[in-house]
Amino acid sequence: MPAKGKHRRSRTSSLTRGIIAVSTGGAALALPVIGATGAFAAPAQPVAIEKASTSTAVSVKGIAAKKSAPVTYSVILGDSLAKIARGHSVSGGWQELYKDNRAAVGDNPDLIRPGLKLTIGAKAENKAAKAGKAESKASGAADRAEKSADRADRSERTSTKLAAQGAPAAAPAAQPATYTNDLDGWIKESLAVMAEHGIPGSYDGIHRNVMRESSGNPLAINNWDSNAAAGIPSKGLLQVIDPTFEAYHVPGTSSDSYDPVANITAACNYAADRYGSIDNVFGAY
């Protein structure tokens, strides 16, 4: 009979077996330490833990080398926002990192899970872009202000130049017409007065009747006809009696019936009233 206990296997306690089973799994579970600045990654399911522990491909130092540009960081077991912020030299610390990634992290910054994607440096880039836009906008405003000032300066220079040159000289006032003191001048001056008062007549019509009535003598007088017998002889270039001269005298001319211009103008005014125009008179009128 074999000796008792010679080949007996030692009993393994259930506690030992439990430890071995856990060790065989390839990873020891660690309870997360939660604090305001700790924010350690909470363990996921065993499969996820195995993946996280076997795929620690991206080190903190490796990502930190690229901190000059925005990067996407995958949370691994044992990470916290504070740790990641320090490793990437995030300005503003874990608070800024949480602020930039709040949509992904959620309302609790102390709870981040392995595999969570965090963007590092995105906000800094946005700030730089906004700063660049602001600088561009300010530069554009400065350019516009400079152009406006240049236009104002040109306008001022132009105004100063015009002021120095003085306003354009006013057109010289029209000189009063001058007429020769003869039949030609008397007729032309009479025509000017007639035009002002709307009295019709032409140079030829006046000249023709003057030559018939007085031969161009402004002092001519008829002392032999019926008018003379009545004490109102015909006078002047167009032989006008005083009552007719006074009735048809044109304002602005002399009140002397012997005055050549006054005589012609009054006679033409009378002829226009009775015959339509001195041009229509071809005999005694």
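Scroll up to find the structure.
Throughout what follows, the structure given in this document is the object of discussion. From a predicted model like this one, the values you see are computed outputs, not experimental measurements.

**Some details on helix 9 (residues 203-213)**
Then comes step 1: Taken together, the buried positions of helix 9 are occupied by Gly205, Ile206, Asn209 and Val210. In a view along the axis of helix 9, the buried residues occupy a sector of 125 degrees, so they form one face of it.
Then comes step 2: Among the residues trailing helix 9, Ser215 stands out with phi positive, at a value near 60 degrees.

**Things to note about helix 8 (residues 183-197)**
Then comes step 1: Across its 15 residues, helix 8 extends 21 Å between first and last C-alpha, which sits within 8% of the 21 Å expected from 1.5 Å per residue.
Then comes step 2: Within the span of helix 8, buried status applies to Leu183, Gly185, Trp186, Ile187, Ser190, Val193 and Met194.
Then comes step 3: Contact partners of the buried residues in helix 8: helix 9 and helix 12 (260-275).

**Thoughts on the pairing of strand 2 (residues 117-120)**
Then comes step 1: Of the two faces of strand 2, the one holding Leu118 and Ile120 is buried and the one holding Lys117 and Thr119 is not buried anywhere.
Then comes step 2: Bridge count for strand 1 (residues 71-74) against strand 2 is 4 bridges, and the pairing is antiparallel. Considered in strand 2, the bridge of Tyr73 is made with Leu118.

**Here's the deal with the packing of helix 8 against helix 9**
Then comes step 1: Taken N-terminus to C-terminus, the directions of helix 8 and helix 9 make an angle of 130 degrees; their axes are 10 Å apart at the nearest point. Of the possible angle classes, the one that applies to helix 8 and helix 9 is oblique. Considering only the axes of helix 8 and helix 9, their crossing is right-handed. Contacts from Leu183, Asp184, Ile187, Lys188, Leu191 and Met194 of helix 8 reach helix 9 at Tyr203, Ile206, His207, Val210 and Met211.
Then comes step 2: Here the contact of helix 8 with helix 9 is built from residues that sort into 8 nonpolar, 1 polar and 2 charged.

**Quick notes on the nonpolar core**
Among soluble globular proteins, nonpolar side chains are generally buried collectively.
Then comes step 1: Grouped together as the largest cluster of nonpolar side chains are 23 residues, with contacts concentrated most on Ile206, Leu238, Ile264, Cys268 and Tyr285.
Then comes step 2: Elements represented by at least two residues in this core include exactly helix 8, helix 9 and helix 12.
Then comes step 3: Looking at this core, the element that brings in the most residues is helix 12, giving 7 residues.
Then comes step 4: Sequence-distant contacts of Tyr285, that is, excluding residues within four places in its chain, are made with Arg212, Glu213, Leu238, Val240, Ala267, Tyr270, Arg274 and Tyr275.
Then comes step 5: Counting 17 residues, the second-largest nonpolar core is a separate cluster that includes Val75, Leu81, Tyr98 and Ile120.

**Focus on unusual backbone geometry**
Then comes step 1: Of note, the phi angle at Ser89 is positive, near 50 degrees, even though the residue is not glycine.
Then comes step 2: Position of Ser89 among the secondary structure elements: in the loop between helix 4 (81-87) and helix 5 (93-100).
Then comes step 3: What makes Ser89 partly exposed here is its relative accessible area of 47%.
Then comes step 4: Its identity as a non-glycine residue notwithstanding, Gln239 has a phi of 50 degrees, on the positive side.
Then comes step 5: Among the structural elements, Gln239 can be located in the loop between strand 4 (234-235) and helix 11 (242-248).
Then comes step 6: A residue is classified by how much of its surface remains accessible, and Gln239, at 13% relative accessible area, is buried.

**Observations regarding the packing of aromatic side chains**
Then comes step 1: In total, this model carries 2 aromatic pairs according to the counting rule given.
Then comes step 2: Aromatic side chains Tyr270 and Tyr285 sit 6.0 Å apart centroid to centroid with 35 degrees between the ring planes, which places their arrangement in the tilted category. Highlighted residues: Tyr270 in helix 12 and Tyr285 in the segment after helix 12, separated in sequence by 15 residues. Each member of the pair Tyr270 and Tyr285 is classed as buried.

**Quick look at the packing of helix 8 against helix 12**
Then comes step 1: Direction vectors running N to C along helix 8 and helix 12 enclose 50 degrees, while the axes themselves pass 9 Å from each other. With respect to their mutual orientation, helix 8 and helix 12 come out oblique. The crossing of helix 8 and helix 12 is right-handed. Residue-level contacts link Trp186, Ile187, Glu189, Ser190, Val193 and Met194 of helix 8 to Pro260, Val261, Ile264, Thr265 and Cys268 of helix 12.
Then comes step 2: The residue inventory of the contact of helix 8 with helix 12, partitioned by class, reads 8 nonpolar, 2 polar and 1 charged.

Parameters at a glance
Residues numbered from 1 in each chain as written. Predicted model: local features only at pLDDT ≥ 70, side-chain atom pairs only at ≥ 80, totals over all residues. Heavy atoms only, no water. Buried < 20%, exposed > 50% of the residue type's maximum accessible area, 1.4 Å probe, protein only. Helix = DSSP H or I, 4+ residues; strand = E, 2+ residues; numbered from the N terminus. Arc of directions from axis to C-beta. Expected span 1.5 Å × (residues − 1). Contact = heavy atoms within 4.5 Å. Pairing = 2+ DSSP bridges. Axes fitted to C-alpha atoms, helices over the stretch in contact; angles between N-to-C directions. Parallel < 35°, antiparallel > 145°, perpendicular 65-115°, else oblique. Left-handed = near helix turned anticlockwise from the far one by under 90°. Nonpolar A, V, L, I, M, F, W, Y, C, P; charged D, E, K, R; others polar. Core = buried A, V, L, I, M, F, W, Y, C linked by side-chain atoms within 4.5 Å. Phe/Tyr/Trp six-rings, centres within 6.5 Å; stacked < 30°, edge-to-face > 60°.

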